Structure formats: structure tokens, C-alpha cells
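Breakdown of the fold
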4 protein chains.
Amino acid sequence: MARTAEKRERSRHEKRNLILQTAQSLFSENGYAATTIADVAKSAGVSFGSVFSYFESKEALFKQSLLEPLEQNKSIFLRFTTLETPSETVQALIRIHMEFVARNAAFLRIIQQVIAQRAQFPDLFEELDRFNHEFQDALCPIILQGQEMGEFSSGDPNLVATSYLSFLIGLRLAYADPPGHPLWTGMMVMAYRLFGPTAGSGNS
Amino acid sequence: MARTAEKRERSRHEKRNLILQTAQSLFSENGYAATTIADVAKSAGVSFGSVFSYFESKEALFKQSLLEPLEQNKSIFLRFTTLETPSETVQALIRIHMEFVARNAAFLRIIQQVIAQRAQFPDLFEELDRFNHEFQDALCPIILQGQEMGEFSSGDPNLVATSYLSFLIGLRLAYADPPGHPLWTGMMVMAYRLFGPTAGSGNS
Amino acid sequence: MARTAEKRERSRHEKRNLILQTAQSLFSENGYAATTIADVAKSAGVSFGSVFSYFESKEALFKQSLLEPLEQNKSIFLRFTTLETPSETVQALIRIHMEFVARNAAFLRIIQQVIAQRAQFPDLFEELDRFNHEFQDALCPIILQGQEMGEFSSGDPNLVATSYLSFLIGLRLAYADPPGHPLWTGMMVMAYRLFGPTAGSGNS
Amino acid sequence: MARTAEKRERSRHEKRNLILQTAQSLFSENGYAATTIADVAKSAGVSFGSVFSYFESKEALFKQSLLEPLEQNKSIFLRFTTLETPSETVQALIRIHMEFVARNAAFLRIIQQVIAQRAQFPDLFEELDRFNHEFQDALCPIILQGQEMGEFSSGDPNLVATSYLSFLIGLRLAYADPPGHPLWTGMMVMAYRLFGPTAGSGNS
DNA sequence: GATGAATGAGGATTCATTCAT
DNA sequence: TATGAATGAATCCTCATTCAT
């Protein structure tokens, strides 16, 4: 009995996730307005009414399409392990972030939409703003440390962090298809440059 | 007689531009779908039907909102004067571009939308892609020259150019209110870093 | 001076007729609703506003498109010369009517429209109804005379007249292009049959 | 369960037919353009949106208003039983057709509209043209046989068939109120005359 | 909970008519 | 009188949301 309930619960959860992922994909491709609930239902292979069983409204679905992945992946950006030197830490971070960006184009495009149409999604935009600040708070100490150690050029570390995030989000996710593409390696170098690496601190 | 016709013609053109600028502003704030023609008409202070006598459709209005400023300002990005050294040229460019970005937030946000929802605006996206390539073609020689002169670190110049453009477009146009804000100066430094300036070539 | 005024008057009239004929042609092809005033103006090669200088409204233009040719050609149907025998008279009539139908397809099609959508054009329909009655009144004596002389089978002459008119109006004006087409000759024979010609009174 | 689904299905079908019949009636009275979807919805007692859940567009609704009755009643015109003699067969046919015309004025008026405005409904017109040809093919053998037996005057049987159909379609459906009206009997006689009945073959 | 039909508010677009020049 | 820009009412159609089954 408990087993059955559990299974049912799992299946419920899976269906919810299926809908959410489908929605994320469609929203990211076509935008909020051009994506209909009927599209989502059809693409996900569930009934039209089901979407409303799992999500209160279209807006709620869109919000979750952004907020859930954001929550799940926050730690990638906010909690990182420090290596021997700041430059090593930052380079490792960049690698992880680029990998993430390469693999989560849909998520990134939704972020781009929210930023580009902030007036339409004020609370989502605020959430992203909050994330930006948290990211700054997390990254600044490393940058400062690197600057003190002479690995990075001096400059407002908050500015560096924001620029870096803008750069990631602004990436034209076109070539992005294969995460192993050499372009991504090149982009990592570019990203690293934003930190102002001094000669001999890893910038090729 | 000719004078009257001329005057009428001028007024016609002014009205058209009024509508276009209003549309640009609203599209940039709320996005394509959330902006109604009635909104545009009301904001511009013209009648509902007038919008349609100047623009064939909502889509045409949106396209012109992007294409006309793009055409008018292309030269800022594609035709620039070279100074003594590549690093000076690039720094001058960055100043001009940042100024432009600071003053044309609406235009930039429309570009962001098109990029974020390329499936919805395929031809506009293509146009932007073309621009990207032209920009690369224009900028690469300077970058190469700088690399040869030792002012810039080595690296694929196309990648540098694309990164730089992405960085500009990706800028979060939030703080951007006054074009004279110190943030813009900081952003110029960040932008310059993408070119991989070597020590002594102007990166503070 | 008087000469000039006259000429101007003539030109005025000609322009009016040009608009009217163009309208008739377009109304007949596309129907009342699918024909726009702008279409008419463009086809006639006059300015948009001109149409309203000559006709109070779209509806007035449509009405005139029907009523003026109706008035002009009424006599063809209502005042005819009687020949030696009723059968000869009727056959001459039929020839004239068919010729008219072949040459005035546009006019006929407008009539068809009014009849098919009588609720939309009640007064025009009434006008056609009146014409139908006048036609009956004009034709019945001939038919009666023919019946009395044994040339035509007996039967309500009003019914014959109405049937004949319905037949003319109902003709599918498709093949009708060249008025000299053999089909028209065939149709004359068919039309004559409605009068119930007895053997030896001209029905081949 | 199956019973419920079946019932629902039936009700769905009934609602669809209700809308279709209402539309047919309004289209026939006022014409395509002057009939609004809102009119149809109101007359049928369904919501505005419902019309669109049963029919893709206004145009589709109009097409079905013609095509469905056409399909359903084709057999009346194309498959008939032959009696002793061609004249008897034709007279029986005429009785059936007149009865049909008297009872289906709305359908006939839609046909008249399509014919009168063929440029607007080219595919429907083509469909009617096809029907015309099928009707000719079906009727000609009878006519020929009658001509050979001396019951009908000679003449191109295709012409006779087309004339007869034009006559039916061209009938002014005004008097038509009660199908039992004596006018219809008179019209049958007129219709029969088109076949060129010789003396003694049933033409009164 | 699952389904999908029903609803109607909202928005793009058309076009007759008006009116200033 | 000629012109054609301005206006906004009217209409088709979409689609989020509700709700009965």
C-alpha cells in the first residue's frame, strides 16, 4: 500500500517534471507569449487539462521554468571549492560555468528573455538581481585575494563579477550545440580575461 | 504649392518617426507580444488606425523598430578611424560604443529580445548575424595588428570580436540610467580586457 | 465660356461613369463586401476621395451599379416590337435577350447577388421584383395570344414569363465569353421551349 | 463508461450540426460577408468561442454549409430509378427535385451566392462545376433514350441537362414558402418543357 | 486526479467615411 | 472639386481559464 502510494507519488512527480521541462524548452525557443498551454500539453504528451492540474496558471509555469533550475543550480555559481590559488579557482569555475551554459541553453535563453523584458516579469527579474548580488558576494573575495596576490589586475571586484555574469548570459547560444566544441574553450579564455589576469597567471 | 506639399511630407515623416520611436520604447520595455498597437497609438498620441497607415502590421512595426536604428548606427560599429596604435583605436572605439549603449538602451533591449527568441524572428536574427560578421571583419584587422605589435595577447581575433559584441549586448541595462555614470567607465575597462591587453598597453 | 462649362460637365459625367462601370465590374466579380472603395478607385485610376465626390456611400454606388443599367435596359425587356405571329415575336425577343445577357455578364451577376442575398438589399430586391411584374405584364399578352393561336401550349402565362426570366438570370455565365458562341444559340432553343411551342411553331 | 463517452460524442455531433444549420440559414439569408460568427453563435445559442472549436474558421464553416448538404443530397440528383419510359422517369425526377428545392431554399441560395461570386469561392465553384458534369453524365442517357423513342425533341442532351440545372438553381425562391403550393406544380411543368416533350408525352 | 469542451476577454486588422488642405 | 490622411467601429480569431463529467 505504502509502496503503491509512493510509486504514485513518484509518477506524479515525474509527470510534473515532464511538463515543466517541456514548457522550459518551448518557452526558451518561442518566448512566453508565443508558447501556448496547448503546445506544452501536446509536446509533453499529456492532456490539456493536466497542465492546469500541476500548475496554477501559465505564468506560474513560466516562473517555475526559471526558478526551479535556478534554485537547483545556484550552488554551481555560489558554492565552489577554492583551489591553491585564486587564478586556479577562477579557471576551474569558468570551466564549470561554461559547461553548464553549454548544456543548459534553454534555461539561459529564458533568463535572457526575462532580462530583456523585465517590465513583464518584475519579480523574476528581481530574483535574478538577487542572484547577481549573491554571486558578487561569493566571487568578490576570490577576486580580491587574486588582486592582492598580484594575479589579477586591480579594479572593482563587483564590477568584474557582474561583467562576468553578463558575459555568460549574453553569450549567443547559437554554436552552443555540442558542449565539447572548441568554441567553448575559446570562450573560457575570453571569460578569464575579464578578471584581468596579469602576465604569468594563466592567460594564454 | 510645392512648399505646402513639402511641409506635408515633412509632417508625415515626423509622425511616422514618432510612432516608430514610441513603438521602439514600448517593445523594449514590455516585449513584442505584451505591447499592443493600441498602446503604441495611445502613447504616441495618434489614433489607432494611424499606426496601420504608417506600418503594414505589428510585425512590420517591430522589424522597423530594430532595422532602422541598426542601419542608422551601423557605421558607429563598422567604420571607425584608426589612431596611432591599435590599443588607442580600440579604446576609442569602446568609449564610443559604450556611449552608444548607454544612450540607446531601448534599441539594445530589442536586440536582446530577438536573440533570446530567435525562432520567432528568424529574419531579424539573420540580419543581426550578418551584422555580427561584418563587425568581425571590420575589427579583426585592428586586433591582429595589436597582437603583432604585442599590445594584445594572441588568440583568435574573431572570437575576441564576437565576445566583445556579446559583452556589449549582454550588458544588463539596469544601472545604465545616466550615460555619465561612473559604472560606464568601469565597463569600458572590462570591455577592454576582452582584447587581452598586455602590461603597459593601457589596462589599469 | 459656355463651351468650357459644357466640356467640364461632360468630363464630370464621364468620370462618374468610369467609376460606376469599374464598380459594377468589381462588384460583379467579387461581391459587394469583398469590393472596397479603394479597389474601385485604383481600378478606375481615380483618387480615393473622388469616389465619394460622385457617390454618397458605398451602398449608393452599389445601388447605382444595378439601378442605372436596369433603367437603361428596361426597354429591351419591356418594349418590344411585335412581328407577324407571337412565336416569331418571342423568338426575336429571345435572341435580343440572349445577346444582352451574353454582353452584360457583370450586370447579370449583380442581379444574381441581390437575389441570392435579398435580406441585405431589400429595396434593390423589391426593385427587381417590380421589374419582374412589369415584365410579366408586358409578355403575358403575347403568350396568351400565342396560346390562343395554338402556337404555344396552354398554361399560366405569368408562370411562363417568370420561368423565362429565372432561366435567363440563372444561366451560368461561365461559357458566356464570346457572344457569338454556339452555346448561346443552343440556349435560345432551350429558352424557347419554356413557352411550350407546339409542333410546327419553330422548335427544332 | 463507454455509454457515457458515446453519449458525449452524440451530443458533440448534435451541437456541431446545430451550428452548421444555423450558419447555413444565416449565410443563405444575408450572404457570407454580412453574416458574423457572433450572429451564428447567438442564433445557435452557443458561445462565440464554441463556433471555433467546431469549425476552424468562418470560411471553413461556409464551405461545410455548402459541401455537407451537397454530399448528402447528391444521390437525389445522380442516382435515380428508371421507370417504364424516359418521360415518366424525367417527370418523376422533376417532382423529386422540385420537392427538394422547395424544402431546401437555404441550401439553394448558398449555391446561388457561390455561383454569383465565383471569384471569392473558387474551390466551391469548382466543386459545383464537378457536380454539374456528374449530373450531365447521369441524365444524358435518359434524355438520349427519350429522344430516340420520340418522346423528346432532339437537341444536345448536355445542353438540356445544364439548362435544367440552371433553371432549378435560378428559381426565385421567394414564393416558395409552402412546399405544397400550387406554384411548384406549375414550375414542374415549366421544367419538363426544357426536355422538349413532343405532343402526347405528358406536357399539358 | 484526468480530460477536453465551453467561454469570452483581448488584440490585430480592415475599411467606410470624414475632413483638412 | 480633388486628394488622401485620420479615425475608430466592427469583426475574425486566439487562448488562458473554468468546469462538468
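Residues numbered from 1 in each chain as written. Chains lettered and ligands numbered in written order. Predicted model: local features only at pLDDT ≥ 70, side-chain atom pairs only at ≥ 80, totals over all residues. Heavy atoms only, no water.

Among the nonpolar cores identified, the biggest contains 123 residues, and A:Leu61, A:Phe167, A:Phe195, B:Leu61, B:Met98, B:Phe167 and B:Phe195 are the most heavily contacted of them. Ranked by residue count, the leading element in this core is helix α7 (residues 122-148) of chain B, at nine residues. Not counting residues up to four positions away in its chain, the partners in contact with A:Phe195 are A:Val90, A:Ile94, A:Leu139, A:Ile143, A:Phe152, A:Ser153, A:Val160, A:Tyr164 and B:Arg193. With 122 residues, the next largest nonpolar core counts C:Ala41, D:Phe27, D:Val101 and D:Ile143 among its residues. (Core = buried A, V, L, I, M, F, W, Y, C linked by side-chain atoms within 4.5 Å. Buried < 20%, exposed > 50% of the residue type's maximum accessible area, 1.4 Å probe, protein only. Helix = DSSP H or I, 4+ residues; strand = E, 2+ residues; numbered from the N terminus. Contact = heavy atoms within 4.5 Å.)

This brings us to the protein's contact with DNA strand E. Around DNA strand E lies a shell of 30 residues, among which A:Ser47, A:Ser50, B:Phe48, D:Lys15 and D:Ser47 are the nearest. Protein-adjacent atoms of DNA strand E, using a 4 Å cutoff, are sugar or phosphate at a proportion of 69%. For DNA strand E, a phosphate oxygen lies 2.6 Å from a polar atom in the side chain of A:Ser47. Here a phosphate oxygen of DNA strand E and a backbone polar atom of B:Lys58 are 2.8 Å apart. Within the residue set of the surface near DNA strand E, elements represented by two or more residues are α3 (48-54) of chain A, α3 (48-54) of chain B, α3 (48-54) of chain C together with α1 (2-30) and α3 (48-54) of chain D. For the surface near DNA strand E, the class distribution of residues is ten nonpolar, 15 polar and five charged. (Near = heavy atom within 4 Å. Polar contact = N/O pair within 3.5 Å; in protein donor to acceptor, adjacent residues only side chain to side chain. Nonpolar A, V, L, I, M, F, W, Y, C, P; charged D, E, K, R; others polar.)

Here we come to the interface of chain C and chain D. Listed by partner, the interface residues are 42 residues for chain C and 41 residues for chain D. Buried surface at the junction of chain C and chain D, summed over both partners, amounts to about 3,500 Å²; 58% is from carbon and sulfur atoms. Applying the counting rule to chain C against chain D returns five residue pairs in polar contact (both at pLDDT 80 or more). Considering every element that reaches the side of chain C that touches chain D, the biggest residue donor is helix α8 (residues 157-170) of chain C, with seven residues. Residues of the side of chain C that touches chain D, tallied by class, amount to 18 nonpolar, 18 polar and six charged. (Buried area = accessible area lost by both parts, 1.4 Å probe.)

Take the packing of helix α4 (residues 58-78) of chain A against helix α6 (residues 105-116) of chain A next. All names here are of chain A. At a minimum axis separation of 10 Å, α4 and α6 run at an interaxial angle of 120 degrees. In terms of orientation, α4 lies oblique with respect to α6. The element α4 and its partner α6 pack so that their crossing is left-handed. Where α4 abuts α6, its residues Phe-62, Ser-65, Leu-66, Pro-69 and Leu-70 lie against Phe-107, Ile-110, Ile-111, Gln-113 and Val-114. Among the residues making up the contact of α4 with α6, the classes are represented as eight nonpolar, two polar and no charged. (Axes fitted to C-alpha atoms, helices over the stretch in contact; angles between N-to-C directions. Parallel < 35°, antiparallel > 145°, perpendicular 65-115°, else oblique. Left-handed = near helix turned anticlockwise from the far one by under 90°.)

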